[in-house]
Amino acid sequence: MSGDQAKSVLSFYVIPGKFFLKLNFKAIWEDFVDAPNSARCTNVFHFDMTTDELMNMLRNRDFSSELLNDIRVESDSGSNVVFISPVKGAPLDGFFIHELLND
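The structure reproduced in this document is the subject of the present report. (Residues numbered from 1 in each chain as written. Predicted model: local features only at pLDDT ≥ 70, side-chain atom pairs only at ≥ 80, totals over all residues. Heavy atoms only, no water.)

Some details on the nonpolar core
And step 1. With 18 residues, the main nonpolar core has Leu10 and Leu58 as its most contacted residues.
And step 2. Mapped onto this core, the elements with two or more residues apiece are β1 (8-14), β2 (40-47), α2 (51-59), α3 (65-76), β3 (81-86) and α4 (97-100).
And step 3. The leading source of residues in this core is α2, at four residues.
And step 4. Residue contacts for Leu58: discarding those within four places in its chain leaves Leu10, Phe63, Ile84, Phe95 and Leu100.
And step 5. The next biggest cluster of nonpolar side chains, apart from the first, holds ten residues, and it includes Tyr13, Ile28, Phe32 and Phe83. (Core = buried A, V, L, I, M, F, W, Y, C linked by side-chain atoms within 4.5 Å. Buried < 20%, exposed > 50% of the residue type's maximum accessible area, 1.4 Å probe, protein only. Helix = DSSP H or I, 4+ residues; strand = E, 2+ residues; numbered from the N terminus. Contact = heavy atoms within 4.5 Å.)

Given below as structure tokens:
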């Protein structure tokens, strides 16, 4: 889907270290992603669903095997956090990728 038609996005990030696992997603965004040279975005997926629909899908682990495989590929490439946001704007929520994959 093109970014012009999307309603929400998943943004995959590599966050350095492990101590960030004790932080909430707002703190991770502010301390790592919004700070220069702390985090690296590895990919962005666009969705034709609202941020609420996308958050519920991830919370309930109600996603397709294709999306699960895509998430695993991002994890294998080093991504460890995914943020849910509107197409334009700051993230509304996030997940640790290992929790989505039940690793």
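From this point on, the discussion continues.
Things to note about the sheet that holds β1
And step 1. Taken in spatial order, the four strands of this open sheet run β2-β1-β3-β4, and their pairing is antiparallel. Both edges of this open sheet fall to β2 and β4 (93-96), since each of them pairs with a single strand only. Within this sheet the neighbouring strands show an average axis-to-axis angle of 20°, counted without direction.
And step 2. As defined by bridge partners, β1 adjoins β3 across six bridges and the pair is classed as antiparallel. Bridge assignment links Ser11 to a residue of β3, and that residue is Phe83.
And step 3. Set on the sheet, α2 makes contact with β1, β2, β3 and β4; between it and β3 the angle comes to about 155°. (Pairing = 2+ DSSP bridges. Axes fitted to C-alpha atoms, helices over the stretch in contact; angles between N-to-C directions.)

Here we look at the side chain of Ser85
And step 1. Relative to the helices and strands, Ser85 resides in strand β3.
And step 2. The residues contacting Ser85, other than those within four sequence positions of it, are Ser8, Val9, Thr51, Ala90, Pro91 and Leu92.

As for the packing of aromatic side chains
And step 1. Under the counting rule described, the total for this entry stands at six aromatic pairs.
And step 2. Taken together through their ring pairs, the aromatic side chains of Tyr13, Phe25, Trp29, Phe83 and Phe96 make up a single cluster. (Phe/Tyr/Trp six-rings, centres within 6.5 Å; stacked < 30°, edge-to-face > 60°.)

Some points on α2
And step 1. Where α2 is concerned, the buried positions are Thr51, Leu54, Met55, Met57 and Leu58. Angularly, the buried residues of α2 cover 160° about the axis, an arc narrow enough to put them on a single face.
And step 2. Looking at the buried positions of α2, the neighbouring elements they touch are β1, β2, α3, β3, β4 and α4.
And step 3. Immediately beyond the C-terminal end of α2, within one or two residues, lies Arg61, with a positive phi of roughly 55°. (Arc of directions from axis to C-beta.)

So, the side chain of Thr51
And step 1. Looking at where Thr51 falls in the secondary structure, it is placed in helix α2.
And step 2. Discounting chain neighbours no more than four positions away, the residues touching Thr51 are Ser8, Ile84, Ser85, Pro86 and Leu92.

Some thoughts on the pairing of β4
And step 1. Alternating positions in β4 separate into two faces, Asp93 and Phe95 on one and Gly94 and Phe96 on the other, with burial throughout.
And step 2. Bridge count for β3 against β4 is four bridges, and the pairing is antiparallel. When the sheet's bridge partners are listed, Phe83 is paired in β4 with Gly94.
And step 3. The turn linking β3 back onto β4 is made up of six residues, and Gly89 within it adopts a positive phi angle of 135°.

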